[in-house]
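Chain and residue survey
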Amino acid sequence: MKISITLPSLYPEAITRTLENLQSTTRNELEVIVVSPFKIDFNFHNGGRLIWIEDRKRDGCNSAHFEASKYITGDFIAGFADDHTFVDGWDEITIDNFMRRESETVKRPYLLG
């Protein structure tokens, strides 16, 4: 299962810290769509995919999440913030929880809240 993370940011240090956290805690295939006014230079050592979208509008985080959502290719989507961290294996826990409770007939992508 592939997880797509939408991730707006205005702070280069915060986005780097968040990408490092995602790299070290995510077990499934990962795609991160960053919307920021600055270019992101980050390579996932575990095969994760990074997409950078220049934030030209600077219309706030909801607008940035919407813009990022146009590029997702994952089965699951999670909107995230650059001042939070995930725990180790967060994606396995979340997907397992979802799959136990929901039918396979639910359309993808599915937004994780």
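Since this is a predicted model, take the numbers as computed values, not measurements. The numbering scheme is per chain: residues are counted from 1 as the chain's sequence reads. Local features in this predicted model are restricted to residues of pLDDT 70 or higher, and side-chain atom pairs are both shown and tallied only at a pLDDT of 80 or more, whereas totals for entire chains, interfaces and linings draw on every residue. Hydrogens and water molecules were not included; the side-chain quantities draw on all heavy atoms of the structure.

Okay, the packing of aromatic side chains next. Within 6.5 Å between ring centres, the rings of Phe, Tyr and Trp (the latter by its six-membered ring) count as paired, and their orientation is classed by plane angle as stacked under 30 degrees, edge-to-face over 60, tilted in between. The tally for this structure, following the rule as stated, stands at three aromatic pairs. Pairing Phe86 with Trp90 gives two aromatic rings, centres 3.8 Å apart and planes at 10°, and the pair type is stacked. In this scheme, a residue with accessible area under 20% of its type's maximum is buried, one over 50% is exposed, and one in between is partly exposed, where area comes from a 1.4 Å probe on protein chains only. On the basis of relative accessibility, which here comes to 17%, the residue Phe86 falls in the buried class. Site record: aromatic cluster; members linked through ring pairs are Phe80, Phe86 and Trp90.

With a phi close to 50°, Arg58 is a non-glycine residue in the positive phi region. Helix and strand assignments come from DSSP, with helices taken as H or I runs of at least 4 residues and strands as E runs of at least 2, each series counted from the N terminus. Its place among the elements puts Arg58 in the loop between strand S3 (49-54) and helix H2 (61-69). By relative accessible area, which is 57% here, Arg58 ends up exposed.

What follows covers the pairing of strand S1 (residues 2-8). Among the seven residues in S1, seven count as buried, and that is most of the element. Residues Lys2, Ser4, Thr6 and Pro8 line one face of S1 and the alternating positions Ile3, Ile5 and Leu7 line the opposite face, and both faces are buried. When the strands point away from the viewer and the path from the first strand over the helix to the second turns clockwise, the crossover is right-handed. With helix H1 (residues 12-25) bridging S1 and its parallel neighbour strand S2 (residues 29-36), the resulting β-α-β unit is right-handed. Bridge analysis of S1 against strand S4 (residues 76-79) gives four bridges, and the strand direction is parallel. Residue pairing across strands places Ile3 opposite Phe76, the latter belonging to S4. Strand pairing is assigned whenever DSSP identifies at least 2 bridges connecting the two strands.

Salt-bridge detection follows one rule: a side-chain nitrogen of Lys or Arg within 4 Å of a carboxyl oxygen of Asp or Glu. Across all of its chains, the model carries five salt bridges by this definition. The partner of Lys2 in a salt bridge is Glu29, and the shortest N-O contact between them spans 3.8 Å. A residue pair is termed long-range when its members are at least 10 positions apart, and Lys2 in strand S1 and Glu29 in strand S2 qualify at 27 residues. Lys2 sits in the buried class, given a relative accessible area of 16%. Residues Arg49 and Glu31 are paired through a salt bridge, measuring 2.6 Å at the closest nitrogen-oxygen approach. One end of the pair, Arg49, is in strand S3; the other, Glu31, is in strand S2, and 18 residues separate them in sequence. Residue class for Glu31 comes out buried when judged on its relative accessible area of 1%.

Before going further, it helps to examine the nonpolar core. What we call a nonpolar core is a set of buried Ala, Val, Leu, Ile, Met, Phe, Trp, Tyr and Cys residues that are connected through their side-chain atoms within 4.5 Å. By size, the foremost hydrophobic cluster in this structure holds 20 residues, and its most contacted members are Ile5, Leu7, Leu19, Leu22 and Val32. If you list the elements that add at least two residues to this core, you get S1, H1, S2, S4 and helix H3 (90-101). Throughout, a residue-residue contact means that at least one pair of heavy atoms, one from each residue, lies within 4.5 Å. Excluding residues that lie within four positions of it along the chain, Ile5 makes contacts with Leu22, Leu30, Glu31, Val32, Ile33, Ala78, Phe80, Phe86 and Trp90. Listed in part, the eight residues of the second largest apolar core include Val35, Ile51, Ile53 and Ile72.

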